[in-house]
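Tertiary structure, described
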Amino acid sequence: MRAPFQILAIPYKYVQDIPVYCVLRRSDEGQWQFIAGGGEDNETPEEAAKREIEEEGGISISNMILLKSMCFVPVEIFPNRQLYDWDDDMYVVPEYSFGFECTKELILSHEHTEFVWLRYEEAREKLQWDSNKTALYELNCILQRQNKK
């Protein structure tokens, strides 16, 4: 059963000591975003993020950065909402954000047609959703601070 929350997971890696971010193109509507999906059954957001990374990116990870960036998504974007056991007065669900260092090559699922690794400014320009842009900003700030230490 679909849990009433969404996750966002941002793949990053370093190229010549500069962080770059992987932006993926959705196969259904063509917009560019990060790995995203919903929780299942009694999963925590962290468990859902790890599962979605494996499903959409083809890799397993052990470490993630929990970001403070969070938004709420209207339930109307879920086409099968009537199949979920959600309260009738639920109008929005929370979206939790994570970052993870990608140390292996991504293997795309059918949900995406392509991906590109971009520096912060280029990635931000390519993204469709404000929640993705905000989470990217936070992750980029964290990584820049870590590089200065």
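This write-up is about the structure you can find in this document. Remember, predicted model here, so these are calculated numbers, not experimental data.

What follows is about the pattern of salt bridges. Following the criterion strictly, the structure yields 5 salt bridges and no others. Between Arg-26 and Asp-28 there is a salt bridge; the shortest N-O distance is 2.4 Å. Between Glu-55 and Arg-51 there is a salt bridge whose closest N-O contact spans 3.2 Å. Of this pair, Glu-55 and Arg-51 both sit in helix H1 (residues 45-57), 4 residues apart, which is roughly one turn of that helix. Taking relative accessible area as the criterion, Glu-55 reaches 36% and is therefore assigned partly exposed. Classification of Arg-51 by relative accessible area gives buried; the value is 15%.

Glancing now at the packing of aromatic side chains. By the definition in use, this model includes 3 aromatic pairs. An angle of 75° between the planes, with centres 6.0 Å apart, marks the rings of Phe-5 and Tyr-96 as edge-to-face. One end of the pair, Phe-5, is in strand S1 (residues 2-15); the other, Tyr-96, is in strand S6 (residues 92-101), with 91 residues separating them in the sequence. Lys-13 extends its terminal NZ or CZ atom over the ring of Trp-117, reaching a point 4.4 Å from the ring centre. Sitting over the ring of Trp-32, Lys-126 keeps its end group 4.5 Å from the ring centre.

A few words now on helix H3 (residues 130-148). With 19 residues, H3 should reach 27 Å at 1.5 Å per residue; the first-to-last C-alpha distance of 27 Å fits that figure. Taken as a whole, H3 has its buried residues at Ser-131, Asn-132, Lys-133, Ala-135, Leu-136, Glu-138, Leu-139, Asn-140 and Leu-143. The secondary structure elements touched by the buried residues of H3 are S1, strand S2 (18-26), strand S3 (32-33), strand S5 (65-74), S6 and helix H2 (120-126).

Looking now at a nonpolar patch on the surface. Nonpolar side chains collect at one region of the surface, where Met-70, Phe-72, Tyr-91 and Val-92 lie side by side and expose about 450 Å² of accessible area between them. On the secondary structure map, Phe-72 appears in strand S5. With a relative accessible area of 52%, Phe-72 lands in the exposed category.

Of note, Leu-106 is situated in the loop between S6 and strand S7 (112-118). With relative accessibility at 6%, the residue Leu-106 sits in the buried group. Once the C-alpha coordinates of Leu-106 and Glu-54 are considered, the two residues, 52 residues apart in sequence, prove to be 9.3 Å apart. Leu-106 has contacts with Cys-22, Gly-57, Ile-59, Phe-115 and Trp-117, leaving out every residue within four places of it along the chain.

Along the polypeptide, Glu-56 turns up in helix H1. As a buried residue without a salt bridge, Glu-56 has its nearest oppositely charged side chain in Arg-26, at a separation of 6.1 Å. Of the polar contacts made by the side chain of Glu-56, one reaches the side chain of His-112; its length is 2.7 Å. When residues no more than four places from it in sequence are discounted, the contact partners of Glu-56 are Ile-35, Ala-36, Ile-107, Leu-108, Ser-109, Glu-111 and His-112.

The rules behind the values
Residues numbered from 1 in each chain as written. Predicted model: local features only at pLDDT ≥ 70, side-chain atom pairs only at ≥ 80, totals over all residues. Heavy atoms only, no water. Salt bridge = Lys/Arg side-chain N within 4 Å of Asp/Glu carboxyl O. Helix = DSSP H or I, 4+ residues; strand = E, 2+ residues; numbered from the N terminus. Buried < 20%, exposed > 50% of the residue type's maximum accessible area, 1.4 Å probe, protein only. Phe/Tyr/Trp six-rings, centres within 6.5 Å; stacked < 30°, edge-to-face > 60°. Lys NZ or Arg CZ within 6 Å of the ring centre and 35° of its normal. Expected span 1.5 Å × (residues − 1). Contact = heavy atoms within 4.5 Å. Patch = residues over 30% accessible without salt bridge, like charges linked within 9 Å, V, L, I, M, F, W, Y side chains within 5 Å. Areas by Shrake-Rupley, 256 points an atom, 1.4 Å probe, with all protein chains shown as cover. Lys, Arg positive; Asp, Glu negative; His and termini not counted. Polar contact = N/O pair within 3.5 Å; in protein donor to acceptor, adjacent residues only side chain to side chain.

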